[in-house]
Amino acid sequence: MKTRAAITAVGGYVPEKVLTNAMLETMVDTTDAWILERTGISERRIAAKGQASSDLAVAAIQDLLRKTSYQPQDIDLIICSTVSPDHVYPATANIIAHKLGATKSWGFDMNAACAGFLYALRTGSQFIESGMHKRVIVVGADVMSCRVDYEDRNTCILFGDGAGCVLLEPTTEEVGIMDSEFAVDGGGAAYLYQKAGGSAFPTSLDTVENKEHFIYQDGKTVFKHAVTGMADITEAVMKRNGLSGDTIAWLVPHQANKRIIDATARRAGLTDDKVMVNIHRYGNTTNGTIPLCLWNWESQLHKGDNLLLAAFGGGFAWGSVYVKWAF
Ligand code: UT7
């Protein structure tokens, strides 16, 4: 009998501080109407001073554990997907395990930009399917506000802070992580990236003065690739699994732009009532978007529901994961 990885619990956390479109109007040359029409975002959450990605992740995992009978020491592995790690090294997963008291867990970080959570979810599922581990936490956490130039209207309106997580456990039922497809195109790297701080452009006075530690995005180009990339890969997973708009219960898309979400939903043959959208409340939380959707919609999910998770982001990196809900 095949062992699959089932999502058996979800958790989430968003910081208290709210940054509204009206507040952004006082910071850069923009309007609430433009932001809402072009992106679908009304407000986003911003981490408190000193609150790092690990803090958001720990709060999300504690929320998850409260819904289970498990203690932090019961976790075997923590995989953290993030583009805003606490430090360049060590991995944020190590810090999360320490702060959480997950003394028996090992862990590592994954970075696939906005597609990171799906990459981490698929990676985590392999440890369950292979029989190596019984309880794996996959957490997507980002403090994007530390990466954003609040003088750049092209990017500062888009991003927010947050973390979401899932627990993976083995099952022999026909539920869990069923299938997936992933892609990368390094040719897209320069359209959405943080130029400096790595080995190609180490931090220097110049890189700081030139604002090269902030997000750079050529929005139009990324948009064009995202619309086709996310829809194509979702369609491929649907076809391979004989899924249609009728048999899918929910599309769980990365929340980068409501227009990209709508395009993916249309191609999948899904009506709006089957699409999870919380971009208006949280903006683009990068690795947090998909698990935060699962967190928000948890009470509406039923065992056996077909969920299609889809993301496209910097790198370019994109993917889609087919999940049969397990509880
Ligand atoms: O999560 C990772 C993946 N990221 C994405 O998927 C993001 C993909 N890109 C997008 O979502 C969109 O391209 C943006 C929301 C970033 C921009 O929307 P757009 O419809 O592509 O606008 P644009 O960049 O083509 O700009 C149109 C106009 C420009 O003015 P001109 O040159 O036509 O006079 C911009 O300067 O809108 C202007 N503009 C703004 N106006 C008011 C750009 N940002 C703003 C702003 N407020 N915040």
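Residues numbered from 1 in each chain as written. Predicted model: local features only at pLDDT ≥ 70, side-chain atom pairs only at ≥ 80, totals over all residues. Heavy atoms only, no water.

Quick word on the nonpolar core
Piece 1. Core analysis: the largest hydrophobic core is formed by 40 residues, its most contacted members being Leu 270, Val 275 and Leu 308.
Piece 2. Elements represented by at least two residues in this core include exactly α8 (219-240), α9 (258-267), β12 (306-313) and β13 (317-324).
Piece 3. Two domains each provide a minimum of three residues to this core, namely domain 1 (4-174) and domain 2 (178-324).
Piece 4. Discounting chain neighbours no more than four positions away, the residues touching Leu 308 are Thr 234, Val 237, Met 238, Ile 248, Trp 250, Leu 251, Val 252, Ser 320, Val 321 and Tyr 322. (Core = buried A, V, L, I, M, F, W, Y, C linked by side-chain atoms within 4.5 Å. Buried < 20%, exposed > 50% of the residue type's maximum accessible area, 1.4 Å probe, protein only. Helix = DSSP H or I, 4+ residues; strand = E, 2+ residues; numbered from the N terminus. Domains from an automatic or database assignment. Contact = heavy atoms within 4.5 Å.)

Some remarks on the domain arrangement of the protein
Piece 1. On domain assignment, one finds that the protein holds domain 1 (4-174) and domain 2 (178-324).
Piece 2. The straight-line distance from the C-alpha centre of domain 1 to that of domain 2 is 14 Å.
Piece 3. Between domain 1 and domain 2, the contact holds 52 residues from the first and 46 residues from the second.
Piece 4. For the domain 1 and domain 2 pair, buried surface summed over both sides reaches about 3900 Å², with 60% attributable to carbon and sulfur atoms. (Buried area = accessible area lost by both parts, 1.4 Å probe.)

Concerning the sheet that holds β12
Piece 1. As summarised here, the arrangement of the 4 strands in space is β8-β13-β12-β11, forming an open sheet in which the pairing is mixed. In this open sheet, the two edge strands, each paired with only one partner strand, are β8 (176-184) and β11 (250-253). On average, each strand axis in the sheet is tilted by 15° relative to the strand beside it, whichever way the strands run.
Piece 2. Relative to β12, α8 is tilted by about 150°, and along the sheet it contacts β8, β11, β12 and β13. (Pairing = 2+ DSSP bridges. Axes fitted to C-alpha atoms, helices over the stretch in contact; angles between N-to-C directions.)

Focus: the site of the ligand
Piece 1. Around the ligand sit 23 residues in total, of which Thr 30, Arg 38, Lys 220, Asn 257 and Asn 284 are the nearest.
Piece 2. In this structure, an oxygen atom belonging to the ligand sits 2.4 Å away from a side-chain N or O atom of Lys 220.
Piece 3. Within the side chain of Asn 284, a nitrogen or oxygen atom sits 2.8 Å from an oxygen atom of the ligand.
Piece 4. Considering the ligand on its own, with 950 Å² of exposed area, one finds that the protein chains cover 75% of that surface.
Piece 5. Looking at the shell around the ligand, the elements that each hand over two or more residues are α2 (32-39), α6 (153-156), α8 and α9.
Piece 6. The biggest single contributor to the shell around the ligand is α8, with 4 residues.
Piece 7. Here the shell around the ligand is built from residues that sort into 10 nonpolar, 8 polar and 5 charged. (Near = heavy atom within 4 Å. Polar contact = N/O pair within 3.5 Å; in protein donor to acceptor, adjacent residues only side chain to side chain. Areas by Shrake-Rupley, 256 points an atom, 1.4 Å probe, with all protein chains shown as cover. Nonpolar A, V, L, I, M, F, W, Y, C, P; charged D, E, K, R; others polar.)

A few points about the packing of α8 against α9
Piece 1. Taken N-terminus to C-terminus, the directions of α8 and α9 make an angle of 30°; their axes are 9 Å apart at the nearest point. Taken together, the axis directions place α8 and α9 in an arrangement best described as roughly parallel. Note on packing geometry: the crossing formed by α8 with α9 is right-handed. The residues of α9 that touch α8, namely those facing Phe 223, Ala 226, Val 227, Thr 228, Met 230, Ala 231, Asp 232, Thr 234 and Glu 235, are Arg 259, Ile 260, Ala 263, Thr 264 and Arg 267.
Piece 2. For the contact of α8 with α9, a count of residues per class yields 7 nonpolar, 3 polar and 4 charged. (Parallel < 35°, antiparallel > 145°, perpendicular 65-115°, else oblique. Left-handed = near helix turned anticlockwise from the far one by under 90°.)

A look at helix α5 (residues 116-129)
Piece 1. Along its 14 residues, α5 runs 20 Å from first to last C-alpha, staying within 8% of the 20 Å computed at 1.5 Å per residue.
Piece 2. The element α5 is largely enclosed, with a buried count of 11 among its 14 residues.
Piece 3. Within α5 the residues assigned to the buried category are Gly 116, Phe 117, Leu 118, Tyr 119, Ala 120, Leu 121, Arg 122, Gly 124, Ser 125, Phe 127 and Ile 128.
Piece 4. Residue Gly 131 follows α5 closely and has a positive phi angle near 90°. (Expected span 1.5 Å × (residues − 1).)

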